[in-house]
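A closer look at the structure
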Amino acid sequence: MVESQAVIRPFDWRDLALLYRVRDRGLCTDAELAFTRGVNALQHALLDVFTPGKTTITLVARPRRRDGDPAVGQCVLRNGLPNARLSFIGPSTALDQANGAELLEALARASGEHGAHNLVAEVEESSPAFESLRLAGFAVYARQRIWSVDGSPDEFEAAVESPWRAETAEDELAAQGLYLNLVPGLVQQVEPPPERSSHNLVLWQEGQLLGYLDLLRGPLGTWVQPYVHPAAQSFDRMLASFLASGPSPNRPLFICVRSYQSWMGGPLEHLGFVPVSDQAVMVKRLAALLRRPAAIPLPAVEGKYPEPSAPIVRVERAPGASRPSGGR
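Owing to the predicted nature of the structure, the values given are computational and were not obtained by experimental measurement.

Another point: the pairing of strand β11 (residues 253–258). The side chains of a regular strand alternate, first on one face of the sheet and then on the other. The buried fraction of β11 amounts to 6 of the 6 residues, a majority that puts the element mostly inside the structure. Alternating residues of β11 divide into Leu253, Ile255 and Val257 and Phe254, Cys256 and Arg258, and every residue in both groups is buried. Pairing between strand β6 (residues 139–149) and β11: 6 bridges, direction antiparallel. Bridge pairing in β11 places Trp147 opposite Ile255. Two strands pair when backbone bridges link them, and strand β10 (residues 221–228) and β11 are joined in this way by 3 bridges, in the parallel orientation. Residue pairing across strands places Val224 opposite Ile255, the latter belonging to β11.

Further remarks concern the environment of Ala169. The topology assignment puts Ala169 in the loop between β7 (164–166) and α6 (172–182). Each C-alpha atom of the pair Ala169 and Ser198 lies 9.2 Å from the other, and the pair is 29 residues apart in sequence.

Moving on, we come to the environment of Pro184. Tracing the sequence through the fold places Pro184 in the loop between α6 and α7 (185–188). With a relative accessible area of 33%, Pro184 lands in the partly exposed category. Separated by 76 residues in the primary sequence, Pro184 and Tyr260 have C-alpha atoms spaced 7.7 Å apart.

This part is about the pattern of salt bridges. Overall, the coordinates contain 13 salt bridges when judged by the stated rule. Note that Glu105 and Lys284 form a salt bridge whose closest N and O atoms lie 3.7 Å from each other. Linking Glu105 in helix α4 (residues 98–113) with Lys284 in strand β12 (residues 274–285), this pair joins segments that are 179 residues apart in sequence. A relative accessible area of 38% means that Glu105 is categorised as partly exposed. By relative accessible area, Lys284 is classed as buried at 13%. Among the charged side chains, a salt-bridge network with shared partners connects Arg9, Asp12, Arg14, Asp15 and Arg62.

Note that soluble globular proteins tend to have their nonpolar side chains buried in a common cluster. Counting residues in each nonpolar core, the largest one holds 29 residues, and the members touching the most others are Leu86, Leu107 and Leu133. Secondary structure elements with two or more residues in this core: β2 (54–63), β3 (71–78), β4 (83–90), α4, β5 (118–124), α5 (128–135) and β12. Among residues more than four places away in sequence, those in contact with Leu107 are Ile57, Leu59, Gly73, Gln74, Cys75, Leu86 and Ile89. Formed by 24 residues, the second largest nonpolar core is a distinct cluster that contains Leu203, Val224, Met238 and Leu243.

Sheet topology places strand β8 (residues 201–205) next to strand β9 (residues 208–218); 5 bridges connect them, and they run antiparallel. Bridging across to β9, Val202 finds its partner in Tyr212. Counted between consecutive antiparallel strands, the loop separating β8 from β9 contains 2 residues, among which Glu206 sits at a positive phi close to 55°. Taken together, the 8 bridges between β9 and β10 define a ladder with antiparallel strand orientation. Bridged to Gly218 within β10 is Gly221. Connecting β9 to the antiparallel partner β10 that follows it, the hairpin turn spans 2 residues.

By the secondary structure assignment, Arg134 is in helix α5. Residue class for Arg134 comes out partly exposed when judged on its relative accessible area of 42%. Each C-alpha atom of the pair Arg134 and Met282 lies 8.1 Å from the other, and the pair is 148 residues apart in sequence. There is a polar contact of 2.4 Å between the side chain of Arg134 and the side chain of Glu131.

Cut-offs and rules
- Residues numbered from 1 in each chain as written.
- Predicted model: local features only at pLDDT ≥ 70, side-chain atom pairs only at ≥ 80, totals over all residues.
- Heavy atoms only, no water.
- Buried < 20%, exposed > 50% of the residue type's maximum accessible area, 1.4 Å probe, protein only.
- Helix = DSSP H or I, 4+ residues; strand = E, 2+ residues; numbered from the N terminus.
- Pairing = 2+ DSSP bridges.
- Salt bridge = Lys/Arg side-chain N within 4 Å of Asp/Glu carboxyl O.
- Core = buried A, V, L, I, M, F, W, Y, C linked by side-chain atoms within 4.5 Å.
- Contact = heavy atoms within 4.5 Å.
- Polar contact = N/O pair within 3.5 Å; in protein donor to acceptor, adjacent residues only side chain to side chain.

So, in structure tokens, the structure goes:
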């Protein structure tokens, strides 16, 4: 049995100085969090315990030997969702050390104990963290490009009447159908449908829901996860009308485009967006699907004897006829 290289325990007040030291040297592996709120592991560790429906797990790994550096890891879970998101590892160099690998495994185990089926991390494929996560059991399930624009709403020509409106309860079934049609089955295993919110926007054309924008606003910018059917007409005009409405004045807008919707790149570039990050969506599976046979009673047969479905015909032998060969 390999001896553990670090002592790993939950974060407490003794680790405040450590967390303060690594706060600017860490790696945020949750793109939505990084682009809307920034890397602030200390804030999440202290304040998210008061956020309803949200669980933040913060662990500290201190090496048993003096030649290693302590590390902090954090992941976030939301009630009702099967995924935990790896949000912070600090310092980023910890992933190259043995205690960093043990810290990742401890975070995965803790997430599983809280009911998570998957642990998700988003990193640039060219970064050293990509290989470290792959060696820790993470696999690539999708790729995404983050586009950004800093233009003010005045730079975009507003439509006479915006085709977008706020999502309501009546849109939920259609939104589920759009998600199922657009997102590949493999990705659906680790990416749940967007949660219904009055901030999200929907677009209907000819009686069909063809556009859905999952929005999150933060102090650093607005995050948009789009779900747009390729049959939607004039996607660039649709998006321009959204931009003209001023989603978040004086703050940058970030649009996350997954690889299965890469056709959006052309219209986004035409509107002045620039790519700021190319990332791999990596997943570590924490639970496996078990298939077990289930014995289900059949009311029509249970407790009864089967009866013949055709009449039994008795064949009489003529007197003196020989018995068939093999007979008794």
